Amino acid sequence: MKIIICKDYEEMSKEAAKIFSDRIKNKKDIILGLATGSTPIGMYENLVKENKEGKLDFSNVRSFNLDEYLGISEDNDQSYHYFMNDNLFSKVNIKKENTHFPCLDENEDGSHYDKEIEEAGGIDIQVLGIGRNGHIAFNEPAEELNVNTGKINLTQSTIEANSRFFESEDQVPVSAVSMGMGSIMKAKELVILASGKEKADAVKYLIKGDKVSTDCPVSFALLHPNATLIVDEDAAK
Ligand code: PGA
């Protein structure tokens, strides 16, 4: 795994945006794997800026998001649809029909999303934030991890962490649909971002680099042939 340690969040965001911007310029119909959360916001801001300056074209770009809550509507301002629209999609010239989010079918199965990604040609580059407990998307530390996209029951720690975005903890959705570990690891390139000291425990796994564990799902990225970790100094501590 390639590791880039940046001074702070701004620098981390610029480094990540530079990688995404280069890849988009090299492949106009690129397939992006996108993430929500506070971590990639700065990267999206940099990409929006380049688009506004006329240097980056999203007209043929396609995207697949990692996850979405269950039980809240797309136009709820806490949904990941809303987040992506607010932070990226409404600010660049990406076509709405080229953006995708996972959902469940009538049998509560989400693996049709993996087929859709495969049929589109596979994700070229995937951005990932890390939960403080090492989760990626909604793949929480557990004895076993999902391979495919499917339904997830959120852990108490994630509900608590997400409650800062809701008026009260009991409004936080308790389940979600999320890409599985296999869905994520099939991306041709991974860019993992972490900022802040509360991410340091999870980042330690990646920097040590000698073990994977289902207790720290992001550690599976150590098995990926083309992964880059971009962290700020606090997360690297
Ligand atoms: P954050 O969340 O970017 O808001 O820290 C990351 C995550 O929980 O996946």
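This text goes with the structure placed above it.
Residues numbered from 1 in each chain as written. Predicted model: local features only at pLDDT ≥ 70, side-chain atom pairs only at ≥ 80, totals over all residues. Heavy atoms only, no water.

(A) Here's a closer look at the overall build of the protein. In terms of regular secondary structure, the protein is built from eight helices and ten strands. The C-alpha atoms of the protein give a radius of gyration of 17 Å, which matches the 18 Å a tight globule of 237 residues would have. C-alpha extents for the protein along the principal axes are approximately 45 × 45 × 35 Å. A buried classification covers 52% of the 237 residues belonging to the protein. Placing the 27 positive and 41 negative side-chain charges of the protein at their respective mean positions leaves the two points 8 Å apart. (Helix = DSSP H or I, 4+ residues; strand = E, 2+ residues; numbered from the N terminus. Rg over C-alpha atoms; globule rule 2.2 N^0.38 Å. Buried < 20%, exposed > 50% of the residue type's maximum accessible area, 1.4 Å probe, protein only. Lys, Arg positive; Asp, Glu negative; His and termini not counted. Charge placed at Lys NZ, Arg CZ, Asp CG, Glu CD.)

(B) Quick look at the site of the ligand. In the vicinity of the ligand, the contacting residues are G37, S38, T39, I130, G131, H135, R164 and K199. Within the contact set of the ligand, an oxygen atom lies 2.7 Å away from a side-chain nitrogen or oxygen of H135. Contact with the protein chains removes 80% of the 280 Å² of surface that the ligand exposes when unbound. For the ligand, the cavity whose grid points lie within 2 Å of the majority of its atoms is the largest pocket. (Near = heavy atom within 4 Å. Polar contact = N/O pair within 3.5 Å; in protein donor to acceptor, adjacent residues only side chain to side chain. Areas by Shrake-Rupley, 256 points an atom, 1.4 Å probe, with all protein chains shown as cover. 1 Å grid on protein atoms, 1.4 Å probe; cavity = no way out; pocket = protein on both sides within 12 Å on 5 of 7 lines; lining within 4 Å. Sits in = over half its atoms within 2 Å of the grid points.)

(C) Representation of the layout of surface pockets in the model. Size it by volume and the largest pocket reaches roughly 770 Å³. Along the walls of the largest pocket sit 36 residues, with T36, G37, S38, R164 and F165 positioned nearest its centre. Counting only elements with at least two residues in the lining of the largest pocket, the list comes to strand 4 (67-69), helix 3 (80-87) and helix 5 (156-162). No other element matches the five residues that helix 3 contributes to the lining of the largest pocket. (Points joined across faces, edges and corners; volume = space filled by probe spheres on them.)

(D) Examining the side chain of S175 more closely. With respect to the secondary-structure elements, S175 resides in strand 8 (residues 175-178). Not counting residues up to four positions away in its chain, the partners in contact with S175 are Y69, L70, K151, I152, N153 and L154. (Contact = heavy atoms within 4.5 Å.)

(E) Here's a closer look at the pattern of salt bridges. For the structure shown, the criterion picks out eleven salt bridges. Between D124 and K188 there is a salt bridge whose closest N-O contact spans 3.3 Å. Linking D124 in the loop between helix 4 (112-120) and strand 6 (125-129) with K188 in the loop between helix 6 (181-185) and strand 9 (190-194), this pair joins segments that are 64 residues apart in sequence. A residue is classified by how much of its surface remains accessible, and D124, at 12% relative accessible area, is buried. Exposure remark for K188: the relative accessible area of 43% places this residue in the partly exposed category. Each member of the salt-bridge network shares a partner with another, and the members are K27, D124 and K188. (Salt bridge = Lys/Arg side-chain N within 4 Å of Asp/Glu carboxyl O.)

(F) Geometry of the pairing of strand 10 (residues 227-232). Among the six residues in strand 10, six count as buried, and that is most of the element. Residues A227, L229 and V231 point to one face of strand 10 and T228, I230 and D232 to the other, with burial holding for every one of them. Here strand 1 (residues 2-6) runs beside strand 10; their pairing, made up of five bridges, is parallel. Within strand 10, the residue paired with I5 across the bridge is V231. A crossover links strand 9 with its parallel partner strand 10, the connecting element being helix 7 (residues 200-208), and its sense is right-handed. (Pairing = 2+ DSSP bridges. Right-handed = clockwise from strand over helix to strand, strands pointing away.)

(G) View of the environment of F58. Positionally, F58 belongs in the loop between helix 2 (41-52) and strand 3 (62-65). Between the C-alpha atom of F58 and that of K95, which follows or precedes it by 37 residues, the distance is 7.9 Å. Sequence-distant contacts of F58, defined by excluding residues within four places in its chain, comprise I24, L32, L47, N51, V92, N93 and I94.

(H) Spatial organisation of the sheet that holds strand 5 (residues 99-100). A sheet is described by the order of its strands in space; here seven strands give the open sequence 1-10-9-6-2-3-5, paired in parallel fashion. The open sheet is flanked by strand 1 and strand 5, the only strands paired with a single partner. By the bridge criterion, four bridges tie strand 6 to strand 9 in an arrangement that is parallel. Residue L128 lies in a different strand from strand 9, and its bridge partner there is I192.

(I) Structural view of the packing of aromatic side chains. If you walk through the whole model with that rule in mind, you get six aromatic pairs. Centroid distance Y69 to F138: 5.8 Å. Interplanar angle 45°. Geometry classified as tilted. Taken together, the residues span a long stretch of sequence, with Y69 in strand 4 and F138 in the loop between strand 6 and strand 7 (150-153) at a distance of 69 residues. The residues Y69 and F138 share a single accessibility class, namely buried. A connected cluster of aromatic rings, assembled from ring pairs, spans Y69, Y80, F138 and F166. (Phe/Tyr/Trp six-rings, centres within 6.5 Å; stacked < 30°, edge-to-face > 60°.)

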